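Structural overview
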Amino acid sequence: MTTKTVKCPKCKNEITVTGKPGEKIQIICPKCGSKGTFTFPQKNPEPKTTTDSFTIEVNNLTKKYNNFKAVDDVSFSVRSGEIFGFLGPNGAGKTTTIKSMLGLIYANSGEIKINGFDIKKRGKEAKKYIGYLPEKVAFYDNLTALQNMYFYAEMKTIPKEGCKPLIEEMGIGEAVNKKVGKFSKGMQQRLGMARALLGNPPILILDEPSGGLDPRGVALIRNKIREMKDKGSTVFVSSHILAEVQEVCDRVGIIDKGVLVAEDSVSKLSVKLNLKPKLIIELEKISEKIVESVKKVEGVEKVEAFGVMIHVTCNQKAKSKIIISVEKAGGDIVNIQTKEPSLEEVFMGFTEG
Amino acid sequence: MDFKAIFSIAKKEFIDNFRNKWIIILSIIFAILVVIISYFGSQGFGQDWSPLEDTISGLEGIVTLIIPIISLMLGYAAIVGEIEKGSMSSLLALPVNRCEIVIGKFLGLGSVICSTILIGFGISGIIIAINVPSSDYMPYLSFIGVSILLGLAFLSVSMFFSTLFKKRSAAMGGAFFLWFFFAIIWQIILVGILFATILSGDITESTSMPGWFFPFLLANPLMVFSAAGFPDAPSIYWRILSPILWIIIPLLLTFLRFEKKDT
């Protein structure tokens, strides 16, 4: 039943009526007595994706290998257009979850939907939307980089013209006509990312994308992730390094020993855990004045002095202010280091406690 | 069924495997042996002989020896090799189902075998044609056809082994054991039983074979040629039933097994 307010066209009196969608009723205005008919609006047809704004839905996923539960009753959902970080130490069940999401392995129980399509029943449709970078990147060694990409483009029914620019964008343009068997691990990883990006997929699933990459490659992939988000893609990225995920992700899920221990936005998680980075400043000489002035900076939680080193636990944003205040107080900075909270601390926060 | 996807997979398998150095080496050995036999087979026989048939029976030996090995080499890693290497994850994440992958791989690898056979027998066909001008080519063409069936049968079996075993090395071991079993052990067992129980002395035109003999013999697809040499041998149509069943059944099992497999 729906309730609507109807205005009498003659005397402007307002009447509240209830009825079923699509139902036609006769109304007699209680004030002026004029008659009229009113049709209740039809409900909007159900959107194609049964769930309003979730692109990936995982419900009660369990996967056992013999008697070992690799993934134990895991549920989470990824909203359209967000970057979702999937965190956990090695062997926590990240890859098992991802492989189940793609129908590469068969879960013992649970339901997985990609864009509203059940991966078990309508896998082929579901996979049309996905670009995937596996944990173990591999190609056909006898074929060149370009030939490999052509094959994947053909399978995805994407024009081949996009392949070469994509390989160049990933910084391995000089190797397009080289056999992939001769590629280094890092080059294969870059080519793997190019393969995942083929055809600008609306869903990008990346399993440990920075594995085997140098810092420049890591930055390149991070930029690509952001770029895909700007294009409207939903990105699911797994990692065992918190800092790597923290920077780009809107929300994160944390898995440990097959159990999902947390699912929240990055900022909320840090608040919950009270995890703050540590700024380690090495000075020429330390003085009481410096320590005191640092303590006064907004966002600073704790200041500890060890010899010529001061350890400051603070907000992300307070870092530059701290450095300025140290210099104002007359400190000569020799070296600065930041220590991000480690994933181990996060796990300890969730699993014990 | 998505024929475009099947074709793409088949094409990829063909290009990929035609660059495999082992396949190249075996194909060259095959071509050389075929050429040698056809050259000497069609030369130097008297007029009382039927040169083409003799040449073919010489080639049969080469086919039963080398074609199964090429097929097994192509097939044993088709599935387990990709899983072990990691490329299967990316293949399966594409919009394709597993049935299409199996068919695409079978067609692609099958065309490698067909090409090897056709190249080898094409060259030898020319040599035979030069030396034996007036010949009925039907026996030669049907011989090529049966050779292809034999190649596909062993491809199908080795692809099944590729889904049966968890390790590439185990699949390879299984494939070569199968070849050894069919190529060598089978005949020893069969002839042993035959002579111990029923027959004594030489087999002649008038000897009649027991009822179980031909089904048992032809359960081994490699016997498709030699079965013709026995008294009251079944016709070619019965004989090729063996490799045809050896293509269909293992391929179905490959699909069923792969469909349930975690990769």
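Below is a summary of the structure that appears in this document. (Residues numbered from 1 in each chain as written. Chains lettered and ligands numbered in written order. Predicted model: local features only at pLDDT ≥ 70, side-chain atom pairs only at ≥ 80, totals over all residues.)

Here we come to the interface of chain A and chain B. Taken residue by residue, the interface counts 24 residues in chain A and 20 residues in chain B. Elements supplying a minimum of two residues to the side of chain A that touches chain B: helix H2 (123–127), strand E10 (130–133) and helix H3 (145–155) of chain A. Ranked by residues supplied to the side of chain A that touches chain B, first place goes to H3 of chain A with four residues. For the side of chain A that touches chain B, the class distribution of residues is 15 nonpolar, two polar and seven charged. (Contact = placed C-beta atoms within 7 Å. Helix = DSSP H or I, 4+ residues; strand = E, 2+ residues; numbered from the N terminus. Nonpolar A, V, L, I, M, F, W, Y, C, P; charged D, E, K, R; others polar.)

All names here are of chain A. Ordered in space as E16-E17-E15-E18, the four strands form an open sheet in which the pairing is antiparallel. Whereas interior strands pair on both sides, the edge strands pair on one side only; in this sheet they are strand E16 (300–306) and strand E18 (333–339). Between one strand axis and the next, the sheet turns by 15 degrees as a mean value, whatever way the strands run. Direction of pairing for strand E15 (residues 278–283) relative to strand E17 (residues 309–314): antiparallel, over a ladder of five bridges. From the neighbouring strand, Lys278 faces E17, where its bridge partner is Thr313. (Pairing = 2+ DSSP bridges. Axes fitted to C-alpha atoms, helices over the stretch in contact; angles between N-to-C directions.)

Here the focus is helix H9 (residues 288–296) of chain A. Residues separated by three or four positions in an α-helix point in the same direction, a consequence of the helix having 3.6 residues per turn. Residue and element names in this part refer to chain A. Taken residue by residue, H9 has Ile290, Ser293 and Val294 as its buried positions. Along the long axis of H9, the arc covered by the buried residues comes to 100 degrees, so they all point the same way. Residues of H9 that are exposed and point more than 90 degrees away from the buried face comprise Glu288, Glu292 and Lys296. On its buried face, H9 sits against E16, E17 and helix H10 (319–328). (Buried ≥ 20, exposed ≤ 12 C-beta atoms within 10 Å, placed from the backbone. Arc of directions from axis to C-beta.)

Between H3 of chain A and helix H1 (residues 3–18) of chain B, whose axes approach to 9 Å, the crossing angle comes to 165 degrees. By the angle between their directions, the pair H3 of chain A and H1 of chain B is classed as roughly antiparallel. Both H3 of chain A and H1 of chain B take part in a crossing whose hand is left-handed. Of the residues in H1 of chain B, those in contact with Phe151, Glu154 and Met155 of chain A of H3 of chain A are Ala5, Ser8 and Lys12 of chain B. For the contact of H3 of chain A with H1 of chain B, the per-class residue count stands at three nonpolar, one polar and two charged. (Parallel < 35°, antiparallel > 145°, perpendicular 65-115°, else oblique. Left-handed = near helix turned anticlockwise from the far one by under 90°.)

Residue and element names in this part refer to chain A. Burial along E17 is one-sided: Ile310, Val312 and Cys314 are buried, and none of Met309, His311 and Thr313, which face the opposite way, are. Note that E16 and E17 share six bridges and pair antiparallel. Within E17, the residue paired with Val303 across the bridge is Val312. The loop that links E16 with its antiparallel partner E17 comprises two residues; one of these, Gly307, has a positive phi angle of about 60 degrees.

Residues and elements named next belong to chain A. Strand order in the open sheet formed by four strands is E6-E5-E8-E9, and the pairing between neighbours is antiparallel. Here the strands that pair on one side only, and so sit at the sheet edges, are strand E6 (68–79) and strand E9 (117–118). Where strand E5 (residues 54–65) and E6 come together, eight bridges link them in antiparallel fashion. By the bridge assignment, Lys63 is partnered in E6 with Val71. Strand contacts of helix H1 (residues 94–101): E5, E6 and strand E8 (109–114), with the helix running at about 120 degrees to E5, the strand carrying the most contacts.

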